[in-house]
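Spelled out, the chains give:
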Amino acid sequence: MKFYSLLAVFISLSVSAQNLKLKKILSEKETVKDTVFTLQTLDKTASVDMPITVIKGKQKGPTFTIIAGIHGMEYPTIMSLLELRKEIDPKKLRGNLIIIPIVNVTSFYKRTPFVNPIDQLNLNRVFPGNPNGTITEVMADFMTKEIFGVTDVLLDMHGGDVGEDLIPFICYYDNKEFTKQTQLAAKLSEVSGFDTVVSYPYILPADKPAMYSFKQAVRQGIPALSIEIGKLGNWEKSELSFTKNAIFRMMSELKMYDENITRANPVKIRYNQQAYVSVPVQGIFYSDLKAGDSVKKGELIGFINDIFGNKIKEITAPESGVILYKIGTPPVNLGETLLCIGF
Ligand SMILES: [Zn+2]
């Protein structure tokens, strides 16, 4: 018992040391500082490195945290954030940027979709995390406390992982409790340049974990957004400039940076509701539809065959709307999200 409490003290000390490091960097004069934060499980059997760049502006302003690579194979946002980091001039910046270009470095280098290969957990399902848990839970705990703890606005960037087909969109939670934060998230979505804006209902009972990174930030009262861009593990140059422009427009709206970026066209499409289809049985999925296609309620979307090619299940649309994302490669597993319809 005593041994464990000593260990707990050691861990809380090491976490607060990291915290001090981040706070110290934020208290320095205008600077661009790259730091690798090493996180470790309580029993020291697993550790990860998390690269964090702090760009401290010349003038005072908000701290805008921009992260990518919670899922290590979602390349367009990772690559765009690495470029953006080089393009920001701290002399022109009001406030601070905290940039984490690749949150899940292990998943990135091992080319593992969705999960951290060390413990097979999906970082975007374990928030707020656990300082005494597995390495992915320790990472979530670090972000919840240390990163979100100093964040005024959060942008958590994702994209179509190796098996995901999707259309680009920007999204936020319609949190009725923190109306000012929700309004700011809506405004930042509006100016971003994304044609499609998705708002999710914010339903989160007090005794339930947020699970998702940006939902956790919303719970903590932080205006937070997420974007999805790119699909099937690919990345295009045009997606990098599109993503960077979206961030520059948000920074301009936050009065943090004046970059000569054209104003975005008005948002064309909004989806305030979503319908999800779960995979009913493991098998091989066939569909002629792609992300961005419209479907009518009850329409046949595709079917699932067994490993001998026999049809075992037909999939129909639960609502009329547009497919925001779907599994874009043949294998599907029981309980996975097969597709999401926005309407
Ligand atoms: Zn993702």
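On a predicted model such as this, the values are computed, not experimentally measured, just so you know.

Enquirer: Sorry, what's going on with the sheet that holds strand 9 (residues 224-228) here?
Expert: Consider a sheet: its strands pair through backbone hydrogen bonds, and that pairing is either parallel or antiparallel. As summarised here, the arrangement of the 9 strands in space is 1-2-4-3-5-9-7-8-10, forming an open sheet in which the pairing is mixed. Both edges of this open sheet fall to strand 1 (31-40) and strand 10 (269-271), since each of them pairs with a single strand only. Mean inter-strand twist for the sheet, computed between neighbouring axes without regard to direction, equals 20°. Sheet topology places strand 3 (residues 59-68) next to strand 4 (residues 94-100); 6 bridges connect them, and they run parallel. Within the sheet, the bridge partner assigned to Ile66 lies in strand 4 and is Ile99. Here helix 2 (residues 75-87) sits on the sheet and contacts strand 1, strand 2 (47-56), strand 3, strand 4, strand 5 (153-158) and strand 9; the angle it forms with strand 3, its principal contact strand, is near 150°.

Enquirer: Would you mind going over the environment of Asn175 with me for this structure?
Expert: When you line up the elements, Asn175 lands in the loop between strand 7 (169-174) and helix 5 (179-191). Taking the C-alpha atoms as reference points, Asn175 and Pro223, 48 residues apart in sequence, are found 9.7 Å from one another. Dropping the residues within four chain positions of it, Asn175 is found in contact with Thr182, Tyr202 and Val218. Separated by 3.4 Å, the side chain of Asn175 and the backbone nitrogen of Phe178 make a polar contact.

Enquirer: Explanation requested: the pattern of salt bridges in the structure shown.
Expert: Opposite charge on two side chains lets them pair, provided their charged atoms get close. Going through the model one piece at a time under the given rule, you end up with 13 salt bridges. When the shortest N-O distance is used, the salt bridge between Asp34 and Arg85 registers 2.6 Å. Placement of the pair is Asp34 in strand 1 and Arg85 in helix 2, with a sequence separation of 51 residues. A salt bridge links Lys145 to Asp141; its shortest N-O distance comes to 2.8 Å. Separated by 4 residues within a single helix, Lys145 and Asp141 lie in helix 4 (residues 135-147), roughly one turn from each other. For Lys145, a relative accessible area of 44% translates into the label partly exposed.

Enquirer: Is there a simple way to think about the coordination of the zinc ion in this case?
Expert: Octahedral metals with six donors have ideal donor angles of 90 or 180 degrees. Tetrahedral metals with four donors have an ideal donor angle of 109.5 degrees. The coordination sphere of the zinc ion contains the protein donors His71 (ND1), Glu74 (OE), Glu74 (OE) and His158 (ND1), at a distance range of 2.0 to 2.3 Å. Around the zinc ion sit 4 donor atoms; with metal-centred angles ranging over 57 to 152°, the donor geometry is irregular. Within one chain, the residues serving as donors to the zinc ion are arranged as H-x2-E-x83-H. With His71 in the loop between strand 3 and helix 2 and His158 in strand 5, this pair connects stretches of sequence that are 87 residues apart.

Enquirer: Before we go on, may I ask you to explain the pairing of strand 14 (residues 300-305) in this structure?
Expert: As paired strands, strand 12 (residues 283-286) and strand 14 are joined by 3 bridges and run antiparallel to one another. Counterpart to Tyr286 in the pairing with strand 14 is Phe303. As paired strands, strand 14 and strand 15 (residues 311-316) are joined by 5 bridges and run antiparallel to one another. Looking at the pairing, Ile304 lines up with Lys313 of strand 15. Between the antiparallel neighbours strand 14 and strand 15 lie 5 residues, among them Gly309 with a positive phi of about 90°.

Enquirer: Even after reading the chapter, I still don't get the packing of aromatic side chains, so can you show me in this structure?
Expert: What characterises a pair of aromatic rings is the spacing of the ring centres plus the angle enclosed by the ring planes. The full count for this structure, using the stated rule, is 11 aromatic pairs. Through successive ring pairs, a cluster of aromatic residues spans Tyr173, Tyr200, Tyr202 and Phe214. Above the plane of the ring of Phe37 lies Lys21, whose end atom (NZ or CZ) is 5.0 Å from the centre. The ring centre of Phe303 lies 4.6 Å from the NZ or CZ of Lys311, which sits over that ring.

Enquirer: I tried to follow the side chain of Thr182 on my own but got confused; where do I start?
Expert: Relative to the elements of secondary structure, Thr182 occurs in helix 5. Residue class for Thr182 comes out buried when judged on its relative accessible area of 10%. Here the side chain of Thr182 touches Asn175 through a polar contact of 2.7 Å, landing on its backbone oxygen. When near neighbours in sequence (up to four residues on either side) are disregarded, Thr182 contacts Tyr172, Tyr173, Asp174 and Asn175.

Enquirer: Even after reading the chapter, I still don't get the domain arrangement of the protein, so can you show me in this structure?
Expert: Many analyses report the size of an interface as the accessible area lost when the parts associate. Each assigned domain of the protein is listed here: domain 1 (2-269) and domain 2 (273-342). Placing a centre on the C-alpha atoms of domain 1 and another on those of domain 2 gives a separation of 29 Å. Each side of the interface is counted separately: domain 1 has 12 residues, and domain 2 has 13 residues. Here domain 1 and domain 2 share an interface that buries about 910 Å² over both sides, 60% of which is from carbon and sulfur atoms. The largest contributions to the domain 1 side of the interface with domain 2 come from Gly163, Asp165 and Ile167, which together make up 49% of the buried area. For the pair domain 1 and domain 2, the interface holds 5 residue pairs in polar contact (both at pLDDT 80 or more). Of all the elements in the fold, those that place two or more residues in the side of domain 1 that touches domain 2 are strand 6 (164-166) and strand 8 (196-201). With 4 residues, strand 8 is the largest single contributor of residues to the side of domain 1 that touches domain 2. The residue makeup of the side of domain 1 that touches domain 2, split by class, is 8 nonpolar, 2 polar and 2 charged.

Here is what the cut-offs are and how they apply
Residues numbered from 1 in each chain as written. Predicted model: local features only at pLDDT ≥ 70, side-chain atom pairs only at ≥ 80, totals over all residues. Heavy atoms only, no water. Pairing = 2+ DSSP bridges. Helix = DSSP H or I, 4+ residues; strand = E, 2+ residues; numbered from the N terminus. Axes fitted to C-alpha atoms, helices over the stretch in contact; angles between N-to-C directions. Contact = heavy atoms within 4.5 Å. Polar contact = N/O pair within 3.5 Å; in protein donor to acceptor, adjacent residues only side chain to side chain. Salt bridge = Lys/Arg side-chain N within 4 Å of Asp/Glu carboxyl O. Buried < 20%, exposed > 50% of the residue type's maximum accessible area, 1.4 Å probe, protein only. Donors = N, O, S within 2.8 Å, 3.2 Å for Na, K, Ca; no water. Tetrahedral: all angles 85-135°; square planar, octahedral: opposite > 155°, others 65-115°. Phe/Tyr/Trp six-rings, centres within 6.5 Å; stacked < 30°, edge-to-face > 60°. Lys NZ or Arg CZ within 6 Å of the ring centre and 35° of its normal. Domains from an automatic or database assignment. Buried area = accessible area lost by both parts, 1.4 Å probe. Nonpolar A, V, L, I, M, F, W, Y, C, P; charged D, E, K, R; others polar.

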